[in-house]
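Structure assessment
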Amino acid sequence: MKKILLLISFSLFPVLLWAMGGNKDSANDIPLPEKNYSVIITDTQNVQTTASRVSWEGKIYFQGRRGDALATIPFEKIAQIDVNPNAVAPPGSIATKVTLKSGEAIQLYVKATSKTYGETSFGKFEIYLRDLQKIIFN
């Protein structure tokens, strides 16, 4: 009986290690899209960072609530995104103003914990919406 339990334990050990996922570095897991969008990101401390291969939650569009609707705006239409943390917004969301290349401005409410990702001259980059002031698309 002890041999059977020992055999089962050794059989399950590699499966358990695999399921734990090992020691992953989150910087290696940053989604980088095939299409290259370059931006200048300004955070809440007024630090500007130039980034390329930018994505929002791994996608190349910005998405948020506009009234009861979910609006999706492709990056190729966006000139700038301004974050307004002081505006009234639903719980867990932040008000943003998306200025399109056409000049039209659209207000969206976006999840505060959503992230933008990209590459910089010094490595990969990620930042929460709640830590952003604005993003200017080049």
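Here, every reference points to the structure presented above.
The rules we used
Residues numbered from 1 in each chain as written. Predicted model: local features only at pLDDT ≥ 70, side-chain atom pairs only at ≥ 80, totals over all residues. Heavy atoms only, no water. Salt bridge = Lys/Arg side-chain N within 4 Å of Asp/Glu carboxyl O. Helix = DSSP H or I, 4+ residues; strand = E, 2+ residues; numbered from the N terminus. Buried < 20%, exposed > 50% of the residue type's maximum accessible area, 1.4 Å probe, protein only. Phe/Tyr/Trp six-rings, centres within 6.5 Å; stacked < 30°, edge-to-face > 60°. Lys NZ or Arg CZ within 6 Å of the ring centre and 35° of its normal.

**With respect to the pattern of salt bridges**
A complete count under the given rule lists two salt bridges for this structure. Between arginine 53 and glutamate 119 there is a salt bridge whose closest N-O contact spans 3.5 Å. You can see arginine 53 sitting in strand 2 (residues 48-56) and its partner glutamate 119 sitting in strand 8 (residues 115-120), a full 66 residues away along the chain. The exposure class of glutamate 119 is partly exposed, given its relative accessible area of 24%. The partner of glutamate 126 in a salt bridge is lysine 115, with the nearest N and O atoms 2.4 Å apart. One end of the pair, glutamate 126, is in strand 9 (residues 123-128); the other, lysine 115, is in strand 8, with eleven residues separating them in the sequence. The class of glutamate 126 is partly exposed, set by a relative accessible area of 30%. With relative accessibility at 15%, the residue lysine 115 sits in the buried group.

**Section: the packing of aromatic side chains**
Using the criterion set out here, one finds three aromatic pairs in the structure. Pairing tryptophan 56 with phenylalanine 62 gives two aromatic rings, centres 4.9 Å apart and planes at 75 degrees, and the pair type is edge-to-face. Judged by relative accessible area, phenylalanine 62 falls into the buried class, the value being 0%. Of the aromatic side chains, those joined through ring pairs into one cluster are Tyr37, Phe75 and Phe137. If you follow arginine 130 out to its NZ or CZ, it ends over the ring of tyrosine 128, 4.1 Å from the centre.

What is shown is where atoms sit, not what they do.
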